[in-house]
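# Geometric and topological summary
So the chains spell out like this:
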Amino acid sequence: MTRQGDNVKHTIGKLLAACVFAAGGLGAAQAQDLKVGMILPLSGPFASTGQQMVNGAKLYLKEHGDTVAGRRIVLIDKDDTGVSPSISKRQAQTLLIQDKAEILAGFGLTPGAFSVAPLATEAKVPMVVMNAATSSITEKSPYIVRTSMTLPQVAAPMASWAAANGIRKVYVAVADYGPGHDAAAQFKKTFTAAGGEVVGEVHTPLTSPDFAPFLQKIKDARPDAIFLFVPNGEQGVAFAKSYKERALADAGIRLLATGDVVTEDVLAAMGDNALGMITSFHYSQAHDSPENKAFVEAYARAYPGTRPNMVAVAAYDGMRLIREALEKTQGDAGGDAFMAAVKGMKWTSPRGPVEIDPQTRDIVQNVYIRKVEKVDGVLQNVEFATVEAVKDPGKM
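All of the points below concern the structure found in this document.

Here we come to the overall build of the chain. Secondary structure summary: the chain contains 12 helices and 15 strands in total. For the C-alpha atoms alone, the extent of the chain along its principal axes is close to 70 × 55 × 35 Å. For the chain, the proportion of contacts with a sequence separation of at least 24, taken over those separated by at least 6, is 68%. Surface accessibility of the chain: about 15300 Å² in total, with carbon and sulfur atoms responsible for 50%.

The structure is reproduced here in structure tokens:
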């Protein structure tokens, strides 16, 4: 880097640090609003992900109060449009320098989280990842903690279940970006170690994919099953439709996936094309627990006509983590104090028991094997097996 470039970087670092120090000081300043900058996709193909995050975060504060240690938590939403790392970074700079946000949160997709991580490190600002699922995200800054999942965490149980249930040959189909690569790598590792064979692999475009040629290629290979990962939203609808139209099920090719493909907010759009799909995931609206029943009912009251998915739960839990960390630090949102407070934190989420791994700052949680079924006329991911307390195998 040139001397001029070094100077620019140094200047930005000083500005960020100064703003955070000014906003995060204790004493008299502690009565200030505590601003949480939410960077998320509110427009474009992943807008439903961003809206689920907003809904989940606001619901937690509505239920539990927005004031902690004498400070009022204020959410500031910034749209990064989805897969636009330069926009994510610019929005983070605006939040830190102009809005004086003390905590960054959200992050719908991995590229945005990657682009903002250096700013979190430079400014020593906590960064709470509520969706982006590439394993290595928490390694990009010591100030990152994640309340969603990693793809290896949900792919490994799917591979184990497949191998234990008579599936011998699998064709892997994943979206061509970090989480897809993670999902493919972990599925192959676990499945082949259990005696299975991966007979082919395709990486589909992250935006506007045409699944038809990929599915024809898979059909020609005649595997026992497909293992699929695509980001939650429209792509799962399109894939399920193409899978049905090309009669892969009739050819004896089962569809296995991570739960991103059949999130509750898209099941109605998928319709009967989703029936029978086997997935592995950490949350289902149909999860049977008092905590989830209360969450689902509260979500329905707050957002009529909208079903909560795993992103809403991760944001709901993310706000719980923020609020409880601030209780521990007595309102100090400084990166070092905040991260010390979250490491090892445990609670019972709507998804089940969870814990923040103190070594990786990733979430430890149950992973459920589910089947899409109609329950009282509504498509649901019905859990039928549980793998308890799963850590991210990508870091083991």
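There is more to say, and it comes next.
Turning our attention to the packing of helix α2 (residues 47-64) against helix α11 (residues 310-329). Across the interface, α2 lies against α11 with an axial gap of 7 Å and an inter-helix angle of 45°. The orientation of α2 relative to α11 falls into the category oblique. Crossing angle aside, the handedness with which α2 passes α11 is right-handed. From α2, Thr-49, Gln-52, Met-53, Gly-56, Ala-57, Leu-59, Tyr-60, Leu-61, Glu-63 and His-64 reach across to α11, where they touch Val-311, Ala-312, Ala-315, Tyr-316, Met-319, Arg-320, Arg-323 and Glu-324. Taken together, the residues of the contact of α2 with α11 sort by class into 10 nonpolar, four polar and four charged.

By volume, the largest pocket amounts to about 220 Å³. Lining the largest pocket are 15 residues, with Tyr-243, Lys-244, Ala-249, Asn-273 and Leu-275 positioned closest to its centre. Counting residues per element, the ones that place at least two in the lining of the largest pocket are α8 (234-245) and β10 (254-258). When the residues that make up the lining of the largest pocket are grouped by side-chain class, the tally is nine nonpolar, two polar and four charged.

All right, on to the sheet that holds strand β3 (residues 71-79) then. The sheet built from six strands is open, its strands ordered β2-β3-β1-β4-β5-β6 with mixed pairing. Two strands close off the open sheet at either side, each with one partner strand: β2 (67-68) and β6 (144-146). Looking at chain direction, β2 and β3 are connected through two bridges and run antiparallel. Each residue of the ladder has a partner; that of Val-68, found in β3, is Arg-71.

Attention now goes to the nonpolar core. The biggest cluster of nonpolar side chains holds 77 residues, and the ones touching the most others in it are Val-128, Phe-295, Leu-321, Ile-322 and Phe-338. If you tally residues by element for this core, the top one is α11, at 11 residues. Residues contacting Leu-321, with those up to four places away along its chain left out, are Val-128, Val-145, Thr-147, Phe-338, Val-342, Met-345, Trp-347 and Ile-356. Grouped together as the second largest cluster of nonpolar side chains are 25 residues, Val-202, Phe-239, Val-262 and Val-372 included.

This next bit is on the packing of aromatic side chains. Two descriptors summarise a pair of aromatic rings, namely the distance from one centre to the other and the angle between the planes of the rings. The final tally for this structure, using the stated rule, is 10 aromatic pairs. Both rings, one in Trp-161 and one in Phe-384, keep their centres 6.1 Å apart while their planes meet at 70°; by these two values the pair is edge-to-face. With Trp-161 in helix α5 (residues 151-164) and Phe-384 in strand β15 (residues 378-390), this pair connects stretches of sequence that are 223 residues apart. Note on Trp-161: relative accessible area 14%, which makes it buried.

A separate point is unusual backbone geometry. The backbone of Ser-208 shows a phi angle near 50°, a positive value even though the residue is not glycine. For Ser-208, the location among the structural elements is in the loop between β8 (197-204) and α7 (212-221). The backbone of Arg-361 shows a phi angle near 65°, a positive value even though the residue is not glycine. Secondary-structure assignment places Arg-361 in the loop between β13 (352-356) and β14 (363-375). Its relative accessible area of 12% is what places Arg-361 among the buried residues.

Looking now at empty space enclosed by the protein. By the definition in use, this model includes one cavity of 30 Å³ or more. If you add up the space inside the largest cavity, you get close to 130 Å³.

All right, on to the packing of helix α3 (residues 85-97) against helix α4 (residues 110-123) then. When two helices pack together, their arrangement is given by the angle between the helix axes and the distance between those axes. Closest axis-to-axis distance for the α3/α4 pair is 8 Å, and the angle between their directions is 40°. With respect to α4, the axis of α3 lies oblique. For the pair α3 and α4, the crossing hand works out as right-handed. Judged by residue contacts, Pro-85, Ser-88, Lys-89, Ala-92, Gln-93 and Leu-96 of α3 engage Pro-111, Gly-112, Ser-115, Val-116 and Leu-119 from α4. The residue makeup of the contact of α3 with α4, split by class, is six nonpolar, four polar and one charged.

What counts, and where the lines are drawn
- Residues numbered from 1 in each chain as written.
- Predicted model: local features only at pLDDT ≥ 70, side-chain atom pairs only at ≥ 80, totals over all residues.
- Heavy atoms only, no water.
- Helix = DSSP H or I, 4+ residues; strand = E, 2+ residues; numbered from the N terminus.
- Contact = heavy atoms within 4.5 Å.
- Areas by Shrake-Rupley, 256 points an atom, 1.4 Å probe, with all protein chains shown as cover.
- Axes fitted to C-alpha atoms, helices over the stretch in contact; angles between N-to-C directions.
- Parallel < 35°, antiparallel > 145°, perpendicular 65-115°, else oblique.
- Left-handed = near helix turned anticlockwise from the far one by under 90°.
- Nonpolar A, V, L, I, M, F, W, Y, C, P; charged D, E, K, R; others polar.
- 1 Å grid on protein atoms, 1.4 Å probe; cavity = no way out; pocket = protein on both sides within 12 Å on 5 of 7 lines; lining within 4 Å.
- Points joined across faces, edges and corners; volume = space filled by probe spheres on them.
- Pairing = 2+ DSSP bridges.
- Core = buried A, V, L, I, M, F, W, Y, C linked by side-chain atoms within 4.5 Å.
- Buried < 20%, exposed > 50% of the residue type's maximum accessible area, 1.4 Å probe, protein only.
- Phe/Tyr/Trp six-rings, centres within 6.5 Å; stacked < 30°, edge-to-face > 60°.

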